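So you can see what is in the structure, the chains are spelled out below.
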Amino acid sequence: MDFQYTDEQLMIKDMVRKFAEEQVAPGIEERDEKEEFPVDLWNACAELGLVGITFPEEYGGLGQDYVTYSLVVEELSRVDPSLGVTVSAHASLCANPIYMFGTDEQKKKFLPPLATGQKMGAFGLTEAMAGSDASGTRTTAVKEGNEYVINGSKVFITNGYYADTYVITAQMDKEKGNKGIAAFILEKDTPGFTFGKKEKKMGIRSSATYELVFENVRIPEENLLGGEGNGFKVALQTLDYGRIGIASQAVGIAQGAYEAALKYSKEREQFGQPISNFQITQFKLADMAMQIEAARLLVYEACSYASKYDRATNYYAAMAKVFASETANKVATQAVQIFGGYGYTREYPAERFMRDAKITEIYEGTSEVQRMVIAANILKD
Amino acid sequence: MNIVVLLKQTFDTEAKIVISGGKVDPTGVTLVINPYDEFAIEEALTLKEAQGEGSEITVVTAGGDVAEQALRTALAMGCDKSILVSDEALDGADEWAAAEAVAAALKDVEYDIIFAGRIAVDDASGQVAVRVAEALGIPSVSSILKFETDGTVATVTREIDGGNEIIEVPLPAMLTAQKGLNEPRLPNMMGIMKAKSKPLEKKDLAAVGKAAGDVAAKFVIDSVSLPTPREAGTILKGEAAETAPELVRLLHEEAKVI
């Protein structure tokens, strides 16, 4: 067991950190305030090769492991969690199910433009009445000739509107419940496929979150992903890997909030000395640092299984996600506390990290659902 | 075109400098490519891209094994091969000795043009590149802000007091980069992946045809000290109308500037 990054990973971490600090940080407050999605930064991520890390080179990816993917998402999120989730949703929720469940033809057609970032991806699972309980899925798919006709809508879709390629789920046979669900690859500009409401959010405000609307959308049968009736399985396994992205985003949020608080504690003076001299502050900082390291290690453990596409990813990714997201919330809340009154203002980044942290306990399966997954693994024998 | 870049690995510009035992302590300090050398690398990459197929960039440094990191980063940015001149006899080398070692390593390298940073941010002597040019018998122009070439002559712009100076220099030549020459790129993921399979040749002094005695430093550093920390200023509290007379009194009686 070796806890060191490889030389390449160190160089990548360094590169992404520089990119984030020099090119992503400027304008971050304004993007948050105006809820603007930064297309130019997405393009910059694509040019740097940050959006298709885990996919084989033959499909336009880099053939790197999940630790590398995780540290890239972390470094982006350390500065801008909105950009971190943009990359994570694209890679883990759209490109990855195509990679894991696609036929050779589907992989050859859809993966290279996604892996290189020429196209952006999104994933449509959640509906108004179907979150973790996918059996509530009301979007329908009906086979007509060599096409599937889709009707319904999806909500809270990260990268919606901006993405070019969507993996969506729809119900083909309500009687069968989860076993009636199928997954499809849907391209933007397909007739009948439009975008509804743009969500106004508490945090990650410069990531795009839209409603997808399907009115008699005709998808060619070759875009069925994973076979009829397998959509629920596609979704669950996709989320196993997606949770690594969100857990990495959460570690990045925690790291960013912690570093801001650490720096401020050395500058802010009360009673004639920096507040970092006070034991109460020191203990807060020690707890933050310790929790972040623990979260990161758990994420990397999940990564080690994910890199091998091992089924245990389900168990470890759920643990990593719940632990890292709760860490992000604890650390960001403490960071605001260390900043005191200033922490509550938008003059400093602490409050933004605190708002951005909350979603990591909710999307891609709430902390409650992660605990259900963990418990199911523990109790299955 | 054969392009050479000289680089030096230096402390991160935000590193906290600690002196122990009369020397700057490198423990725990992040090492980076000297920022001015990044401009040199970028200019070399731009030139290579403009020249198209057949151009090659060799990046050269002198230093310990740890300097391999800096070379790998340059290779990741797009340089093609690299040479590290590394020898215990170069520990504590002065500018003359470093230049002799680097120039000796360049004897086996073909070059049409050499780029370097105008100065290293650590000891800021600004001598090595110019000394290398001298040792190789080629012209050098320092602190360039703009560069063009037709392949035989380079046309470069330097900033001088109150204006710019445009110089034409026949190739091969040594050109050192000033801030403002370009914006260095970041290495991308593909570049980082490829860097490890690009040549990194390590040469000791013997391999470049020198003996330890050839590069004995010509000067010794007697002592190193940190700048005297600035004392905290005085802040006068109260309304402007009340504090102004006190400010005038202090400027007159204590600072003695009015």
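Residues numbered from 1 in each chain as written. Chains lettered and ligands numbered in written order. Predicted model: local features only at pLDDT ≥ 70, side-chain atom pairs only at ≥ 80, totals over all residues. Heavy atoms only, no water.

**As for the domain arrangement of chain A**
Residue and element names in this part refer to chain A. Each assigned domain of chain A is listed here: domain 1 (7-115), domain 2 (121-230) and domain 3 (233-379). Taking only C-alpha atoms, the centre of domain 1 and the centre of domain 2 are 22 Å apart. In this complex, domain 1 contributes 25 residues to the contact, which on the side of domain 2 involves 24 residues. Buried surface at the junction of domain 1 and domain 2, both sides included, amounts to about 2000 Å², of which 59% is carbon and sulfur. Seen at the junction of domain 1 and domain 2, the total is three salt bridges. In this structure, the salt-bridge partner of Arg 205 is Asp 32, at a minimum N-O distance of 3.6 Å. Here domain 1 and domain 2 share eight residue pairs in polar contact (both at pLDDT 80 or more) between them. Counting only elements with at least two residues in the side of domain 1 that touches domain 2, the list comes to helix H2 (28-34), helix H5 (81-101) and helix H6 (104-115). Among the elements that make up the side of domain 1 that touches domain 2, the one with the highest residue count is H5 (11 residues). (Domains from an automatic or database assignment. Contact = heavy atoms within 4.5 Å. Buried area = accessible area lost by both parts, 1.4 Å probe. Salt bridge = Lys/Arg side-chain N within 4 Å of Asp/Glu carboxyl O. Polar contact = N/O pair within 3.5 Å; in protein donor to acceptor, adjacent residues only side chain to side chain. Helix = DSSP H or I, 4+ residues; strand = E, 2+ residues; numbered from the N terminus.)

**Comments concerning the interface of chain B and chain A**
Counting from both sides, the interface comprises 12 residues of chain B and, opposite them, 15 residues of chain A. Roughly 1200 Å² of surface becomes buried between chain B and chain A when both sides are summed, with 78% attributable to carbon and sulfur atoms. Of all residues in chain B, B:Leu186, B:Met189 and B:Ile192 bury the most surface against chain A, accounting for 53% of the area lost on that side. Here chain B and chain A share two salt bridges between them. B:Glu38 is paired through a salt bridge with A:Lys18; the nearest N and O atoms lie 3.3 Å apart. Sorting elements by how many residues they give to the side of chain B that touches chain A places helix H5 (residues 189-195) of chain B first, with four residues.

**Examining unusual backbone geometry**
Glycine aside, residues mostly have negative phi, and peptide bonds are mostly found in the trans state. A cis geometry characterises the amide bond from B:Leu171 onward to B:Pro172, with omega recorded as 0°. Here B:Pro172 lies in the loop between strand E11 (163-170) and strand E12 (173-177). A positive phi angle, close to 75°, is found at A:Asn159, a residue other than glycine. Looking at A:Asn159, the relative accessible area reads 0%, which means it is buried. A positive phi angle is found at A:Asn216, which is not glycine, with a value near 50°. Following the sequence through the fold, A:Asn216 ends up in strand E7 (residues 209-220). (Buried < 20%, exposed > 50% of the residue type's maximum accessible area, 1.4 Å probe, protein only.)

**Describing the pairing of strand E5 (residues 181-187) of chain A**
Residues and elements named next belong to chain A. The buried fraction of E5 amounts to six of the seven residues, a majority that puts the element mostly inside the structure. Relative to strand E8 (residues 224-225), E5 runs antiparallel, the two sharing two bridges. If you follow Phe 184 over to E8, its bridge partner there is Leu 224. (Pairing = 2+ DSSP bridges.)

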